[in-house]
Amino acid sequence: MTAFNDEAVTSDALRRTLGVSRRRFLTTCTAVTGAAIAAPVFGAAPALAQDRSAAAGDDRGRSALVPPHKRGIILYTVRDAVGRDPLASDLPSGFREVFKQLSRFGYRQVEFAGYGQHANAPGGADLGTVQGAKLLRSWLDEYGLRAQGSHGFIPPSWPLTTADLDTFKRWLEISNILGMEHMGTGADPVNTPYRADWDAAAQKWNTLGAIARREGIKLYTHNHDSAYDFLLDGGPLDAQGRPTRSSGIRKLEYFLKTTDRKSVYLELDVFWAHVAQYKFHTYTAHDGSQRKDVFDPAALVVRNTQRFPLFHAKDGVVNLQSGMGYDMVPFGTGDIDYRKFFTRVGAKNYHNPMVEQDNAPSATVPGQSLEFARIGYGNLAALRPCN
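Scoring rules and cut-offs
- Residues numbered from 1 in each chain as written.
- Predicted model: local features only at pLDDT ≥ 70, side-chain atom pairs only at ≥ 80, totals over all residues.
- Heavy atoms only, no water.
- Helix = DSSP H or I, 4+ residues; strand = E, 2+ residues; numbered from the N terminus.
- Buried < 20%, exposed > 50% of the residue type's maximum accessible area, 1.4 Å probe, protein only.
- Contact = heavy atoms within 4.5 Å.
- Areas by Shrake-Rupley, 256 points an atom, 1.4 Å probe, with all protein chains shown as cover.
- Pairing = 2+ DSSP bridges.
- Axes fitted to C-alpha atoms, helices over the stretch in contact; angles between N-to-C directions.
- Salt bridge = Lys/Arg side-chain N within 4 Å of Asp/Glu carboxyl O.
- 1 Å grid on protein atoms, 1.4 Å probe; cavity = no way out; pocket = protein on both sides within 12 Å on 5 of 7 lines; lining within 4 Å.
- Points joined across faces, edges and corners; volume = space filled by probe spheres on them.
- Nonpolar A, V, L, I, M, F, W, Y, C, P; charged D, E, K, R; others polar.
- Core = buried A, V, L, I, M, F, W, Y, C linked by side-chain atoms within 4.5 Å.
- Phe/Tyr/Trp six-rings, centres within 6.5 Å; stacked < 30°, edge-to-face > 60°.
- Lys NZ or Arg CZ within 6 Å of the ring centre and 35° of its normal.

Asker: With reference to specific residues and values, describe the overall build of the protein chain.
Answerer: Helix and strand content of the protein chain: 13 helices and 14 strands. Taken across its 387 residues, the protein chain has 55% of its residues classed as buried. At a minimum sequence separation of 6, the contacts of the protein chain that also span at least 24 residues come to 75%. For the protein chain, the accessible area works out to roughly 16000 Å², and carbon and sulfur atoms hold 51% of it.

Here it is as structure tokens:
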């Protein structure tokens, strides 16, 4: 167990526990290049990005913590651009133009967060069909992008209804058309702290994972901070007969132990994992004693390397007044030590980091989400190990 002194938690102490200072982060091994902080390249020729990507692969790709072919983004980050009316804006709008722009930045992978776009964009509003998926695939191929995952459909029913099973299989078919290795969800497997509920969730996910595996797809769940809280699995029962104390195992760790490692996978959102590190460090043991255990996201991945094919590379600045420990900022401009994280987890040709920023879209700055995507790519590409 690692002690976490609540009374001594100051901004500096939290930085030492959870990461490094923003200044140190940007001035050591992760300093961005001049190209990464240049003006947006909305109008650049595709050859520019291709030349830049080739240079990264030849000159810096071998030493990069994230290889060029593994640099991705979840399209939720630029959802406003995907949904923008192309007839009302000169900015990239709809899937095809967004793919084109992301490719120019240097990205080589995308993760979908739905298949809807503005009705005036090429292909129409809904591309979540077999024909729509074929169109999306043609655009991905055109701009040298690979669909690596999707926050898709996870049946709400259990036992599965016929309708839910059919819908789930249709999403798997779309994933295969798009060339994905993975399909998942943006939600936790279950939203309670009780072991019985997590047992049921494991049974359901084992069933769904086996179906996906037969279709050549790895099924994954994306997690928020709550999934790293402690499981209630013992001690006195409450009035509803539910346990009130914990053995010290975290909910997601229990899920990993009770699901099939060949059928059920996880996507670590590094930001939310660090929020959990800040929030969930003390539990009441079965004997009633208070115990402390600070969550170590990288260590969890190292213990379960093959279970974490995807990451959400999301950054945050320390803010002790936020209730979460961090405020979201563009990737590479915050306090989470991604140099250390990627160095520790290793397996850089297996993991697939997807840049994400939930609050990137702006109602007053229409181009902000794509600009933040550009900044995120530059900082992801600039990560290097330190000796």
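Asker: I'd like a description of the sheet that holds strand β8 (residues 264-269), backed by residues and values.
Answerer: Strand pairing in a sheet is mediated by backbone hydrogen bonds. Such pairs are either parallel or antiparallel. Taking strand neighbours across the sheet as the criterion, the eight strands line up as β3-β2-β1-β14-β11-β8-β5-β4 in an open arrangement whose pairing is parallel. The open sheet terminates on both sides in strands that have one partner only, identified here as β3 (146-150) and β4 (182-185). Between one strand and the next, the sheet's axes are offset by a mean angle of 30°, whatever the strand orientation. Relative to β3, strand β2 (residues 109-112) runs parallel, the two sharing four bridges. Its bridge partner lying in β3, Gln109 is registered against Arg146.

Asker: Requested: an account of helix α9 (residues 251-258), with residues and values cited.
Answerer: Most of α9 is tucked away: six of the eight residues are buried. The set of residues buried in α9 consists of Lys251, Leu252, Glu253, Tyr254, Phe255 and Leu256. The inward-facing, buried residues of α9 contact α8 (195-214), β5 (218-222), β8 and α11 (297-303).

Asker: Outline the pattern of salt bridges, supporting the account with residue identities and numerical values.
Answerer: Per the counting criterion, the structure on display carries 14 salt bridges. Where Lys314 meets Asp358, a salt bridge forms, and the shortest distance between an N and an O atom there is 3.0 Å. One end of the pair, Lys314, is in the loop between β11 (310-313) and β12 (315-319); the other, Asp358, is in the loop between β14 (352-355) and α13 (368-381), and 44 residues separate them in sequence.

Asker: Lay out unusual backbone geometry in plain terms, naming residues and giving numbers.
Answerer: Trp158 connects to Pro159 through a cis peptide bond whose omega is 0°. As for its placement among the helices and strands, Pro159 is situated in the loop between β3 and α7 (162-177). The backbone of Ala347 sits at a positive phi, close to 45°, despite the residue not being glycine. Looking at the element boundaries, Ala347 is found in the loop between α12 (338-345) and β14.

Asker: Tell me about empty space enclosed by the protein, and please be specific about residues and values.
Answerer: This structure, assessed with the given rule, holds one cavity of 30 Å³ or more. What the largest cavity holds in volume is close to 50 Å³. Considering the residues around the largest cavity, the lining is formed by Leu65, Val66, Pro67, Lys70, Phe311, Phe342, Val345, Gly346, Lys348, His351 and Pro353. Considering only residue class, the lining of the largest cavity consists of seven nonpolar, two polar and two charged.

Asker: Tell me what's going on with the pairing of β12, and back it up with residues and numbers.
Answerer: Counting buried positions over the five residues of β12 gives four, a clear majority of the element. Across five bridges, the pairing between β12 and strand β13 (residues 325-329) is antiparallel. Paired with Gly316 across the two strands is Met328, which belongs to β13. Hairpin geometry of β12 and β13 is characterised by an intervening segment of five residues between the two adjacent antiparallel strands and by a positive phi of about 85° at Gly323.

Asker: I'd love a proper account of the nonpolar core, names of residues and values included.
Answerer: Note on soluble globular proteins: their nonpolar side chains tend to be buried together. In terms of nonpolar packing, the biggest core is built from 87 residues, with Phe99, Leu102, Phe112, Phe168, Leu178 and Phe342 touching the most fellow members. Setting aside its immediate chain neighbours within four residues, Phe112 contacts Ile74, Leu75, Phe95, Phe99, Leu136, Leu140, Ala147, Gly149, Ser150, His151, Leu178 and Met180. Core analysis: the second largest hydrophobic core is formed by five residues, Tyr220, Leu310, Tyr350 and Met354 among them.

Asker: Give a detailed account of the packing of aromatic side chains, specifying residues and quantitative values.
Answerer: If you walk through the whole model with that rule in mind, you get 18 aromatic pairs. An angle of 50° between the planes, with centres 5.1 Å apart, marks the rings of Phe112 and Tyr115 as tilted. The class of Tyr115 is buried, set by a relative accessible area of 4%. With a centroid separation of 5.3 Å and an interplanar angle of 70°, the aromatic rings of Phe311 and Phe341 are classed as edge-to-face. Taken together, the residues span a long stretch of sequence, with Phe311 in strand β11 and Phe341 in helix α12 at a distance of 30 residues. Given a relative accessible area of 0%, Phe311 falls into the buried group. Following the ring pairs from residue to residue traces out a cluster consisting of Phe95, Phe99, Phe112, Tyr115 and Trp171. In this structure, Arg79 is placed above the aromatic ring of Tyr76, and the distance from its NZ or CZ to the ring centre is 3.8 Å. In this structure, Lys218 packs its charged tip against the face of Tyr265, placed 5.4 Å from the ring centre.

By themselves, these observations are geometric and do not establish any function.
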